[in-house]
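Chain and residue survey
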Amino acid sequence: MRGRRLCHSNRSVNGSNGNGKSNNYQRSSSQMGRKKWPEGFRGKGSETVWKLSLSTNCIERIANLSNLKNLRILSLGRNNIKNLNGLEAVGETLEELWISYNFIEKLRGIRVMKKLKVLYMSNNLVKDWAEFVRLAELPLLEDLVFVGNPLQEKYASDQNSWIDEAAKRVPKLKKLDGEFGA
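Residues numbered from 1 in each chain as written. Predicted model: local features only at pLDDT ≥ 70, side-chain atom pairs only at ≥ 80, totals over all residues. Heavy atoms only, no water.

1. Notes on the overall build of the protein chain
Looking only at helices and strands, the protein chain has 5 helices and 9 strands in total. Helices and strands in the protein chain line up, N terminus first, as β-β-α-α-β-β-β-β-α-β-α-α-β-β. The burial tally for the protein chain puts 43% of its 182 residues in the buried class. Long-range contacts, defined as pairs at least 24 residues apart, comprise 42% of the intrachain contacts of the protein chain with a sequence gap of at least 6. (Helix = DSSP H or I, 4+ residues; strand = E, 2+ residues; numbered from the N terminus. Buried < 20%, exposed > 50% of the residue type's maximum accessible area, 1.4 Å probe, protein only. Contact = heavy atoms within 4.5 Å.)

Set out below in structure tokens:
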């Protein structure tokens, strides 16, 4: 099992406003998810943020997304996240969630993602079909990267069996682990 990632004192919060401009704010990793966003980020600018990249920030939980009314892409890869709680605030707008290389075992709370089409959650800790089948509750999910989770690794010697079993449980998938026609 993987250990916790080492955290450094300062991390950047990047939000793209859709005009090719980037909003950069310095926050310490210990402040992530505990304190409010900087004043400029909570105001008018947060309404135009459609992509937020918080990868490699040692974030332990998802929080403080309620002001991001137009968020479509959220990148939280390579953090210390253990569950999907906190996504409710963006459940009506989020189309892509990139959350690979975290410590997620359970997919409780995923059903709030009504518009989610793309879910990249490779190299997490999901180990049983009971959790995987929760992905079928996502009405628009079509692209899933799940490689590196213990459940998928059980099928490492037979990728076709993995794709068949996964497609039976989440039949709307068009692409699984980079393979078309899941």
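2. Some words on the packing of aromatic side chains
Throughout the structure, instances matching the rule amount to 8 aromatic pairs. Their ring planes at 25° and their centres at 6.2 Å tell us that Trp 98 and Tyr 120 sit as a pair that is stacked. Of this pair, Trp 98 sits in strand S5 (residues 96–98) while Tyr 120 sits in strand S6 (residues 118–120), and the two are 22 residues apart along the sequence. Ring centres of Trp 129 and Phe 132 lie 5.2 Å apart, and the angle between their planes is 85°; on these two criteria the pair is classed as edge-to-face. A residue pair is termed a helical-turn pair when its members lie 3 or 4 positions apart in one helix, as Trp 129 and Phe 132 do in helix H3 (residues 129–132) at 3 residues. Note on Phe 132: relative accessible area 0%, which makes it buried. Site record: aromatic cluster; members linked through ring pairs are Trp 129, Phe 132, Phe 146, Tyr 155 and Trp 162. Seen from the ring of Tyr 101, Arg 78 lies directly overhead, with NZ or CZ sitting 3.9 Å from the centre. (Phe/Tyr/Trp six-rings, centres within 6.5 Å; stacked < 30°, edge-to-face > 60°. Lys NZ or Arg CZ within 6 Å of the ring centre and 35° of its normal.)

3. Quick notes on the environment of Leu 76
Structurally, Leu 76 can be placed in the loop between strand S4 (73–75) and S5. In this structure, Leu 76 is in contact with Leu 54, Ser 55, Ile 59, Ile 62, Ile 81, Trp 98, Ile 99 and Asn 102, ignoring residues within four places of it in sequence.

4. Quick look at unusual backbone geometry
If you check the backbone angles, Cys 58 has positive phi at about 60° while not being a glycine. Along the chain, Cys 58 falls in the loop between strand S3 (51–53) and S4. In this structure Cys 58 comes out as buried when scored by relative accessible area, which is 8%. Phi angles above zero are rare outside glycine, and Asn 123 is one such case at about 55°.

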